[in-house]
Structures are given as structure tokens and as C-alpha cells.
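# Inside the fold
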Amino acid sequence: MSLVLLTGASGLIGTAVAETLTRAGYKLRLLVRATSPTEHLQHLGAERVIGDVTDRAAVAAAMENVAIVVHTAGATSLRDKDADRVWHTNVEGTRTVLEAARAAGVERAIYTSSQAAVGAAPEARPLDEDADWWVPRRVPRYIRAKRRAEEVAWEIAAQGLPLVVLNPSIVLGPGDRRGSSTLLVINFVKGRMIGATPGGAAYVDVRDVAAAHLAAIRQGAVGRRYLISSENHTLFDFYSLVAGEAGLPAPKLIPELFARAFGVINDLLIYGGLEGFPDMTSAHVAMGLCYWWANAERSRRELGIRYRPVRSSIRLTLRWAMDAGYLKPLNGKLKELLAAEATTL
Ligand SMILES: NC(=O)c1ccc[n+]([C@@H]2O[C@H](COP(=O)([O-])OP(=O)(O)OC[C@H]3O[C@@H](n4cnc5c(N)ncnc54)[C@H](OP(=O)(O)O)[C@@H]3O)[C@@H](O)[C@H]2O)c1
């Protein structure tokens, strides 16, 4: 079976991809950092090479005899303090990995982009892969970094790299060891969110994202991007769903004007050297107030993905976080969830 070089294997998506590709019979080489947590990957028996995705020499060395490259490594922080690292890892890391893949003449490269690179709409309307890119003027740097990284990927494809791009929406489900997207759910349950603003987002289960990576290797059309997404919800509906599954009261709906004012005051606090609320700046508020809704028909049709319902991904997110000790079973509903057979969730 072909040798696959996988980046980001210690992450939420990369771990699920590593497990899925191993089950499908692929031989894996994992490019991880010396500091990457990889104990949970030991049972896969995959070869490991150490390197940063922005290190050209390490990445080029890792390409030896590789047939397929799957590039999931990226920095996902939405905080201002991480903006430079987020840009460098996503844009320069993608450039480094995919240029090395092209130079090595791999058969195919799969790049884990994001729905962020497809963009949002100011009104409640799902976008497909061909939508014109629009985002509010002020958004966290992550959003523009993912857009630019995908542009770089297509530039390298134009020079001969056989590329398939996947654009997942917000990823839920088991295995978020480093605090990526499932923190949205965990922080809400821990009472760290003041409520939901108007606006909407799309969600997908990490196991379906992994299945999409396998399908992209096997049957994805080179030169095509695929939105990977299950359901679209308003933020209020989504957090109401989470509240229902976690035995909590429905979230408060925060009016747009209040949210915008909160964001501006918070910016001023942070500008003035105070800690403020680093996840509620005016850029976060602007991002939250628009609609990141996806029409993922192409991935259903061409990659054959059958998406799990978001409610089940929420249950698995909560169950896994409690099993792993990131969340305490705070009430009867959560205790029930913890006691249930994981396979029935
Ligand atoms: N989670 C989502 O909702 C979502 C949605 C759409 C797209 N995506 C994209 O999917 C990708 C993976 O996201 P995730 O949620 O799985 O993130 P994650 O759990 O934070 O994992 C990120 C992975 O990238 C690795 N990495 C980061 N910087 C690196 C560097 N400089 N060199 C080598 N490896 C590096 C990390 O390794 P360490 O363990 O060493 O830090 C980790 O394995 C990202 O590109 C993200 O933009 C995520």
C-alpha cells in the first residue's frame, strides 16, 4: 500500500485521519514536532519523523518515497496574541509542505483548508464551494490566514501538484486533546460564555472529516475543493442543542448592538493593557454576527460522505471530554451521558 506522509497527527483532525487511514490499510509516516503529544498514536505503529512544517529541510527529508501527502497541521487560535504564529504556520507551513510535495512528485496531496477560506454571508444563506469570498472587515487573523493558505495551495497546484482541498466547518466529536474547536462546547457547558449572538455556523463530526480525507485520497477530483459539513444552525439554536444535551438552561440571546458595544469596550481594555475577554474582541463579535453556513452537497455526491447528525457529535464531544477529565459530570444529564455506552451515542 502507498506510503502517506501525514502532518498534524497529534491534533483533533490529524488523529482521526491517522486512525482512519491506518484502518484502511495505508502505511503512515507522521511528521510531528519533538513536543507533539503522540502517546495516543503509538498503537498505530506508524513511522514518526520530527520536524516543523515551516522547516524546509525537515519537510523535504520527510518526503522520501512518499506517494500521498495529507497536510492537516495548522494553528487554530483565534486570539490576537497568536496572530503572527497563526499566519506563519498556516500560510508558510502550507507553502513549505506543498512545495516539497510538488518537488518530490507525489501522486496526490490533500490539504485540510477550512470553511473560513470559502467565506461567510451577512445574511442566513448557505454557501457552496464556488461562492465569492466575503468576510467582515475585522475578523480574527486565522480567517484570512486560512484563505491565504488555500490560495498558496492552488498556486502550487497550478505548477503541477495534484491537489484536492477539503474545507471542514466547525469540527466536533471525540479526541480534542489540545483544545481546538470543541472548546466552544466545553466552555459553554462550564458557564464561560455569556450567551449567543445572532449569526450562524456549520458543524461536522471529526469522524466524518476523517472519512472525507480517505475519500479524497481514493476518489476526490484533483483540482477540486469540497466543503465538509453536516448541519447549519444559528448560534442560538446550536447552543440550545448543547444546553439540552448537557442538562442546562437555554443560552441567553445577546442583541447585536449590545454585542458590538461589548466588543469595542473589550478592545479598549485590551489596548489599555488589561486582560479583558480575549475571545470577545470586536473581531470575534463581527465574525459571530454573520453566517458561516455551508452547502456540502458536492462532498455527499462525489465523496459519498453520509454526515452524522450534530446532536450526536455534541453528545460524543461531552462524553469524550468527561472521559478524558476535561469536564466534570456536573449534573444528572451529564452523569447519564457518562454512563451510557459510547456506541449508543
Ligand atoms: N477544528 C476545526 O474546527 C477546523 C475546522 C476547519 C479546518 N480546520 C483546520 O484543520 C487543521 C487541523 O485542525 P485541528 O482542529 O485538528 O487543530 P489542532 O487540534 O490544534 O491540531 C493542530 C495540529 O497541527 C500541528 N502543528 C501546529 N503547528 C505546527 C508546526 N509549526 N509544525 C508542525 N506541526 C504543527 C499540531 O502539532 P503540535 O501537537 O506539535 O502542536 C497539531 O498536530 C488546521 O489547519 C485547521 O485550520 C480545523
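About the thresholds
- By convention here, each chain's residues receive numbers from 1 onward along its written sequence.
- Since the coordinates come from a predicted model, pLDDT governs what is reported: local features require at least 70, and pairs of side-chain atoms require 80 or more to be given and counted, while whole-chain, interface and lining totals use all residues.
- Each helix is a run of DSSP H or I of at least 4 residues and each strand a run of E of at least 2, with the numbering of both proceeding from the N terminus.
- Atoms considered for the radius of gyration are the C-alpha atoms alone. The globule rule reads 2.2 Å times the number of residues to the power 0.38.
- For every residue pair, C-beta atoms are placed from the backbone, and the pair is scored as a contact if these atoms sit within 7 Å.
- The rule for pairing is simple: two strands pair if DSSP sees at least two bridges between them.
- To get an axis, fit a line to the C-alpha atoms, keeping to the stretch in contact for a helix; angles then go from 0 to 180 degrees between the N-to-C directions.
- The length a helix should cover is 1.5 Å for every residue beyond the first.
- Any residue surrounded by 20 or more other C-beta atoms within 10 Å of its C-beta is treated as buried, while 12 or fewer makes it exposed and the intermediate range makes it partly exposed; C-beta atoms here are placed from the backbone.
- The arc in question is formed by the directions pointing from the helix axis toward the C-beta atoms.

A few words now on the overall build of the chain. If you tally the helices and strands in the chain, you get twelve helices and ten strands. Relative to the globule expectation of 20 Å for 345 residues, the C-alpha radius of gyration of the chain, 20 Å, shows essentially globular dimensions. Structurally, the chain occupies a C-alpha span of about 55 × 45 × 40 Å along its principal axes. Partitioning the intrachain contacts of the chain with sequence separation of at least 6 by distance along the chain shows that 76% fall at a separation of at least 24.

Right, let's get into the sheet that holds strand S4 (residues 68–71). Pairing within the open sheet is parallel, and its seven strands lie in the order S3-S2-S1-S4-S5-S6-S9. The sheet terminates laterally at strand S3 (47–50) and strand S9 (224–228), the two strands that pair on one side only. Averaged over all neighbouring strand pairs, the angle between strand axes comes to 20 degrees, with direction disregarded. Bridge count between strand S6 (residues 163–168) and S9: five bridges; the pairing is parallel. Directly across from Val-165, in S9, lies its bridge partner Arg-225.

As a further point, take helix H8 (residues 256–271). An ideal rise of 1.5 Å per residue puts 22 Å on 16 residues; H8 measures up with 22 Å between its terminal C-alpha atoms. Three or more residues of H8 are buried, namely Ala-259, Gly-263 and Asn-266. Buried residues of H8, seen end-on, are gathered within an arc of 70 degrees and therefore sit on one face of the element. Exposed residues on H8 whose side chains face more than 90 degrees from its buried face are Leu-257, Leu-268 and Tyr-271. Of the surrounding secondary structure, the elements contacted by the buried residues of H8 are helix H9 (282–288). Directly beyond the C-terminal end of H8, a positive phi value near 95 degrees is found at Gly-273.

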